[in-house]
Amino acid sequence: YTHWGTDSRAASQGFWEYMQLYVAEHGLWPPTGTPSRVLVEMLNVSSASEALTWDGQVIMNDCEILRTDWFAAAPYQQWVQFVEDSKNMWTHRWGDHIVRTFGVAIHLEDTRVEQMHLLPYAHQDVCL
């Protein structure tokens, strides 16, 4: 990924609560080790003992390189199925960037995540 952005509160209504249910149900928080870099940056946590809060920060996935085999694997697909079963992608307009950001943050190993700082990128404030 190239950069972080902030999701619209209107387009993420209820997402944070569902994400917390998912990590609790699957025993993903607190993590068994150090929280992932993506999770640390996104939630501003430095240890598993800190309370989780989210200010809407997401990876802007307009420009990313990814391995589709990892996204097709069971852990990530369980997350996607959980989100799809909620039907909130349809009723609250949860977007792919929010689903993918959290899926990566809670499932992908740090050694497989790379922020591409050198790629220039600009994004308007509002997408219409």
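Presented here is a report on the structure given in the accompanying data block. (Residues numbered from 1 in each chain as written. Predicted model: local features only at pLDDT ≥ 70, side-chain atom pairs only at ≥ 80, totals over all residues. Heavy atoms only, no water.)

A look at the side chain of Ser12
Here is step 1: Of note, Ser12 is situated in the loop between strand S1 (3–6) and helix H1 (15–25).
Here is step 2: Look past the residues within four positions of Ser12 in its chain and what remains in contact with it is Asp7, Trp54, Trp94 and Ile98. (Helix = DSSP H or I, 4+ residues; strand = E, 2+ residues; numbered from the N terminus. Contact = heavy atoms within 4.5 Å.)

A look at the packing of aromatic side chains
Here is step 1: Applying the stated rule across the entire model yields 15 aromatic pairs.
Here is step 2: Taken together, a centroid distance of 6.1 Å and an interplanar angle of 55° make the contact between Phe15 and Trp54 tilted. Of the two residues, Phe15 sits in helix H1 while Trp54 sits in the loop between helix H2 (37–43) and strand S2 (57–60), which places them 39 residues apart along the sequence.
Here is step 3: Taking relative accessible area as the criterion, Phe15 reaches 0% and is therefore assigned buried.
Here is step 4: Here the aromatic rings of Trp70 and Tyr76 are separated by 5.3 Å at their centres, their planes lie at 45°, and the arrangement is tilted.
Here is step 5: When its relative accessible area of 11% is taken as the criterion, Trp70 is described as buried.
Here is step 6: An aromatic cluster is built from Phe15, Trp16, Tyr18, Tyr22, Trp54, Trp79, Phe82, Trp94 and Phe102, whose rings are joined through pairwise contacts.
Here is step 7: For Arg9, the ring lying beneath its charged end belongs to Trp54, and the centroid distance is 5.8 Å. (Phe/Tyr/Trp six-rings, centres within 6.5 Å; stacked < 30°, edge-to-face > 60°. Buried < 20%, exposed > 50% of the residue type's maximum accessible area, 1.4 Å probe, protein only. Lys NZ or Arg CZ within 6 Å of the ring centre and 35° of its normal.)

A closer look at the packing of H1 against helix H4 (residues 74–86)
Here is step 1: Taken N-terminus to C-terminus, the directions of H1 and H4 make an angle of 135°; their axes are 11 Å apart at the nearest point. When the axes of H1 and H4 are compared, the pair comes out oblique. In this structure, the crossing between H1 and H4 has a hand that is right-handed. The residues of H4 that touch H1, namely those facing Phe15, Tyr18, Met19, Leu21, Tyr22 and Glu25, are Pro75, Gln78, Trp79, Phe82 and Ser86. (Axes fitted to C-alpha atoms, helices over the stretch in contact; angles between N-to-C directions. Parallel < 35°, antiparallel > 145°, perpendicular 65-115°, else oblique. Left-handed = near helix turned anticlockwise from the far one by under 90°.)

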